[in-house]
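# Coordinate analysis (summary)
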Amino acid sequence: MFAALERVGGTPIDTRSLHAFAFFANVLSPLWDLHPLEGSVLKESGSPYFPALQRQLDCLVGEGFIIVESLARGTTDELEAKFRLSHERAQPVLSIVRMLPDEASAEGFLTELADAFVEIRPDRRDDAAVADAAYSDPAVAQGRIVDFAEWVSPTKGNAAWNTAQQFQKYVPVGVTLSRAEKLVMYMRLMKRRAHG
């Protein structure tokens, strides 16, 4: 994720935005026939948060793969950090990962997603995740699980994927949207909702 965000100028990135990006990566990965790393998330008062991702981020910072670019006190007395990739430390690992057959598709997907994600203002990126079709489902109350691939199908049971597929209905006859076009259209919809 960091390599894709770096490639499109999406770093340094704050913690909430990183979790928002991870959320979109999970709900939209079926567009690329990729299985989400996380199939559900707890719906809390704020934006999506993945404890496992946070633990991995903490480890990567500790091992020097991710650099803390800045650290400041936020409005709620919490520390707000911004992160970026340490190219020198991460490049050898990324080179090996890129040789794996399945990673080319994942890298392409994450780059397309990151490119659309950075069009959303940094202070609205977590709002965009909250506006997502799956996360904003009024049938899922706070404190309950937003399931998009844990026990439901990552396609049919995933409201974000279903919404992205619906764009095909609104294009002229004979035009077929690519998966990248559906992804960009979905992210622009989330941008519009987040920006108000």
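Residues numbered from 1 in each chain as written. Predicted model: local features only at pLDDT ≥ 70, side-chain atom pairs only at ≥ 80, totals over all residues. Heavy atoms only, no water.

### A short note on the pairing of strand β3 (residues 66–73)
Counted only if it meets this: In this scheme, strands are said to pair when DSSP sees at least two bridges between them. Only DSSP runs of H or I covering at least 4 residues are called helices, and only runs of E covering at least 2 are called strands; the numbering of each starts at the N terminus.
Both β3 and strand β4 (residues 79–85) contribute to a ladder of seven bridges, which runs antiparallel. From the neighbouring strand, V68 faces β4, where its bridge partner is F83. Where β3 hands over to β4, the hairpin turn is made up of five residues, of which D77 adopts a positive phi near 65°.

### Topic: the pairing of β4
For a regular strand, side chains alternate in direction, first toward one face of the sheet and then toward the other. As paired strands, strand β1 (residues 13–14) and β4 are joined by two bridges and run antiparallel to one another. When the bridges of β4 are listed, I13 appears paired with F83.

### Overview of the sheet that holds β3
The three strands are arranged β1-β4-β3 in an open sheet whose pairing can be described as antiparallel. Two strands lie at the open edges of the sheet, namely β1 and β3, each paired on one side alone.

### Focus: the environment of R55
The condition is simple: Exposed residues in this analysis have more than 50% of their type's maximum accessible area, buried residues have under 20%, and partly exposed residues fall in between, with area computed by a 1.4 Å probe over protein chains only.
Note on placement: R55 falls in helix α3 (residues 51–62). We classify R55 as exposed; its relative accessible area is 53%. Sequence-wise, R55 and F148 are 93 residues apart; in three dimensions their C-alpha atoms are separated by 22 Å.

### Some words on the nonpolar core
Quick note on the threshold: Among buried residues, those of type Ala, Val, Leu, Ile, Met, Phe, Trp, Tyr and Cys that are joined through side-chain atoms within 4.5 Å constitute a nonpolar core. The contact criterion used is simple: two residues touch if any of their non-hydrogen atoms lie within 4.5 Å.
Counting 56 residues, the largest nonpolar core has F24, L28, Y186 and M187 as its most contacted members. Contributing elements (two or more residues each) for this core: α1 (2–7), α2 (15–28), α3, β4, α5 (103–117), α6 (125–131), α7 (159–166) and α8 (179–195). Ranked by residues supplied to this core, first place goes to α2 with nine residues. Those residues in contact with L28 that lie beyond four places of it in its chain are F109, L113, A160, L183, Y186 and M187.

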